[in-house]
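A closer look at the structure
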Amino acid sequence: MASVILFRPTYDPDSRSAPVFPWALLYLSAVLVERGIDVDIVDEPCTPDCHAEAKRLLAAKKPVAVGITSMTGAQIHYGLALARLVREHSDAAIVWGGIHASLLPEQTARHPLADYAIAGEGEHAFADLVECLAAGRDPDGIPGLYAERNGDVRGVRQDGYLDLAALPEIPYDLLDIERYISRRPDLGAERYFEICTSRGCPHHCGFCYIESVHGSRWRPIEADLAVERIKALVQRYSLDCVSFREDNFFVNRRRVETIAQRLIDEKVGIRWAASCRINYFAQYTPEFVSLLRRSGCALLTFGVESGSDRVLEFIRKGTTVEQVRDVARRVHDGGIRGTYHFMGGFPSETEAEFLDTCRLIEQLTQVSPDIVVREMSIFAPYPGVGLIPECVARGYREPADLESWIAMEWANPQRPWLTKRQTRLISDAQFLIARLGHSNPIIAGWAGWRWRRMLRSERGCTLHERSLIDLARRLRPR
Ligand code: B12
Ligand code: SF4
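Model, not experiment: these values are computed from the prediction.

What counts, and where the lines are drawn
Counting restarts for each chain: residues are numbered from 1 in the order of the written sequence. All chains are assigned letters beginning with A, and all ligands numbers beginning with 1, in the order in which they are written. Per-residue local features are limited, in this predicted model, to residues with pLDDT of at least 70; the limit for side-chain atom pairs, both in listing and counting, is 80 or more; totals at the level of whole chains, interfaces and linings are taken over all residues. The pairing criterion for strands is at least two bridges between them, as found by DSSP. Each helix is a run of DSSP H or I of at least 4 residues and each strand a run of E of at least 2, with the numbering of both proceeding from the N terminus. Only the stretch in contact is used when fitting a helix axis, every axis being a line fitted to C-alpha atoms; angles between N-to-C directions are given from 0 to 180 degrees. Here, a nonpolar core denotes buried Ala, Val, Leu, Ile, Met, Phe, Trp, Tyr and Cys residues that are linked to one another through C-beta atoms within 7 Å. Three exposure classes are used, based on other C-beta atoms lying within 10 Å of a residue's own C-beta, which is placed from the backbone: buried for 20 or more, exposed for 12 or fewer, and partly exposed in between. A pair of residues counts as a contact when their C-beta atoms, built from backbone coordinates, are separated by no more than 7 Å. In this analysis, residues qualify as near a molecule or strand once their C-beta atom, positioned from backbone atoms, comes within 6 Å of it. Note on convention: near helix rotated counterclockwise from far helix by under a right angle means a left-handed crossing. Clockwise means right-handed. Throughout, the ten residues Ala, Val, Leu, Ile, Met, Phe, Trp, Tyr, Cys and Pro are labelled nonpolar, Asp, Glu, Lys and Arg are labelled charged, and all others, Gly among them, are labelled polar.

**Observations concerning the sheet that holds strand β6 (residues 145-149)**
If you walk across this open sheet you meet the seven strands as β2-β1-β3-β4-β5-β6-β7, and the pairing is mixed. The strands lining the two open edges of the sheet, one partner per strand, are β2 (38-43) and β7 (152-155). The average undirected angle you get between the axes of adjacent strands in this sheet is 25 degrees. Across six bridges, strand β1 (residues 3-8) lies against β2 in parallel orientation. In the sheet register, Leu6 faces β2, and the bridge partner there is Ile41.

Structure, rendered in structure tokens:
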């Protein structure tokens with residue numbers, strides 16, 4: 001029997017929260033297992049001595065291929081370390097897949113620590129490759145597969161997308177699921193886990209990967225099948241809360257209505273969380289919001305991004321600032337917690353527009369104290385996002401090889417459209433937002449005072465004392 005090992009490199013070695021479930025590797029495994037291929041998964045974020053475990057498996061299983069998943073950024077660094085280890089200790093083919101390889105398959109396949117890259121949904125492409133390698137057949141020509149041959153990278157894009165309902169059952173037993181079930185006191189949950197019921201999203205936000213990878217095609221499983229899968233997971237793992245871990249759960253309101261109604265009728269008795277779009281929620285009736293809440297909806301996450309209508313239009317968000325204020329109130333009145341995400345540093349954004357975002361954050365926190373404003377991120381020019389031409393027009397040059405993309409997260413990625421002052425302003429705002437609700441009242445008080453001063457000013461203000469605070473933090477004994 002052919003054998004493979006699938007790796008998920010760590011994405012944040014300092015994270016103390018429970019690791020997010022490695023869905024990609026489980027979906028790949030479903031097809032591999034169905035085709036009689038032996039699979040091991042090594043999930044670095046929850047494998048204490050991951051490299052030792054990898055060496056042990058390489059020696060014991062002698063896999064024909066090792067698959068590595070990665071997003072753009074730091075995960076590539078940890079993926080390359082695993083790839084190096086595979087090269088040193090086995091003859092297995094090294095296959096890269098995931099979001100980064102899907103966006104840049106040629107560049108990925110060109111790296112000396114990659115034998116193949118697979119672009120797009122990898123379920124069938126990877127299983128086909130493994131079967132070819134095990135049988136000694138030439139895998140070239142498999143849709144989605146890229147490889148370097150005599151200095152040239154050859155490969156063909158996959159045509160079309162998978163039918164999620166037709167995929168074999170997920171082999172959850174390949175992992176210790178308990179590691180991924182967590183407590184979520186904010187949701188009143190003791191056993192929280194995730195589920196995927198769709199892929200893709202029909203919108204075109206300029207900072208998102210979606211169009212490049214999913215062609216803006218939304219592909220759900222039907223409501224009834226989704227409910228059956230939720231019930232099966234809840235029963236099997238005694239869950240009391242699930243999160244819909246997908247790009248856009250709410251595309252089809254009717255489908256959500258059926259899911260919610262069935263959760264109530266069949267007394268499934270769970271809480272649930274999902275992401276929603278501001279412009280969707282703006283159109284929901286009080287009856288629909290009530291149905292959501294009665295079905296267990298405890299938390300909705302919204303990507304607000306900006307407090308400036310001009311910026312929202314520039315990033316093709318399809319929402320307005322007025323809608324955001326209205327939705328925050330209605331989410332709160334509907335008895336659901338709202339979490340709101342923001343971004344700054346888009347090309348063409350001015351300091352005044354960024355401060356409008358900070359003022360919107362302030363207005364939202366006044367709607368209700370339980371509104372959660374997630375940390376603000378700085379726009380980064382991830383490959384394949386719609387805003388790349390705007391970045392290039394302002395002096396940005398995309399990294400030319402796999403390793404250079406690691407810096408997308410670690411060093412400050414290149415953002416030639418931002419002045420030093422703007423970068424500093426955004427970074428200071430992040431610093432304050434993270435401390436506004438600090439458990440130490442002195443820190444929270446100071447952050448609140450500074451935050452209000454920033455909002456009153458026209459161009460922001462510099463936190464001179466920040467370097468002292470950073471220094472004190474570094475000197476504090478652990
Ligand atoms: C869960 C998640 C996370 C998790 C970790 C995910 C992980 N891979 O380890 C957490 C919460 C940590 C996370 C963090 C971040 N994330 Co995130 N995240 C996601 C999310 C919502 C779901 C990923 C998922 O499970 N998808 C479902 C699976 C089935 O799809 P898939 O991964 O694409 O897998 C398929 C194919 O890619 C392929 N495939 C995948 N792996 C492999 C491997 C092999 C060998 C093969 C052959 C094929 C293959 O086959 C799979 C099945 O079809 C995605 C959005 C999305 N829907 O994908 C964003 C996404 C991956 N995240 C993104 C970003 C930007 C981030 C952050 C930078 C956000 C931030 N500002 O902090 C951070 C960075 C990490 C860090 N240092 O903390 C971007 C990545 C863009 C990019 N170019 O990489 C995405 C695409 C969101 C977006 N809308 O742009 N994220
Ligand atoms: S950010 Fe969300 S809504 Fe916008 S395109 Fe991406 S997945 Fe869709």
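There's plenty left to go through after this.
**Let's talk about the nonpolar core**
Counting 130 residues, the largest nonpolar core has Val4, Ala65, Val66, Val95, Tyr116, Leu129 and Val130 as the members making the most contacts within it. Counting residues per element, this core draws most heavily on helix α3 (residues 74-89), at seven residues. Apart from residues no more than four positions distant in its own chain, Val130 is found in contact with Ala2, Val4, Leu32, Ile37, Val64 and Ala65.

**Things to note about the site of ligand 1**
Lining the immediate environment of ligand 1, one finds 35 residues, of which Ala24, Gly67, Thr69, Gly97 and Gly122 sit closest. Of all the secondary structure elements, the ones that give two or more residues to the shell around ligand 1 are α1 (23-34), β3 (65-69), β4 (93-97), α4 (99-103) and α6 (123-135).

**Considering the packing of helix α2 (residues 50-61) against α3**
Where α2 meets α3, the closest approach of the two axes is 10 Å, and the angle between their N-to-C directions is 35 degrees. Note on packing geometry: the crossing formed by α2 with α3 is right-handed. For the pair α2 and α3, the contacting residues are His51, Ala54, Lys55 and Leu58 in the first and Leu82, Leu85, Val86 and His89 in the second.

**Remarks on the environment of Val156**
Along the polypeptide, Val156 turns up in the loop between β7 and β8 (182-184). Judged by the 13 C-beta atoms lying within 10 Å of it, Val156 falls in the partly exposed class. Between the C-alpha atom of Val156 and that of Lys231, which follows or precedes it by 75 residues, the distance is 39 Å.

**Concerning the site of ligand 2**
Around ligand 2, the structure places Cys201, His203, Cys205, Cys208, Ile210, Asp247, Asn248, Arg277 and Gly303. Partitioning the shell around ligand 2 into residue classes produces four nonpolar, three polar and two charged.

Functional significance is not addressed by these values, which are geometric in nature.
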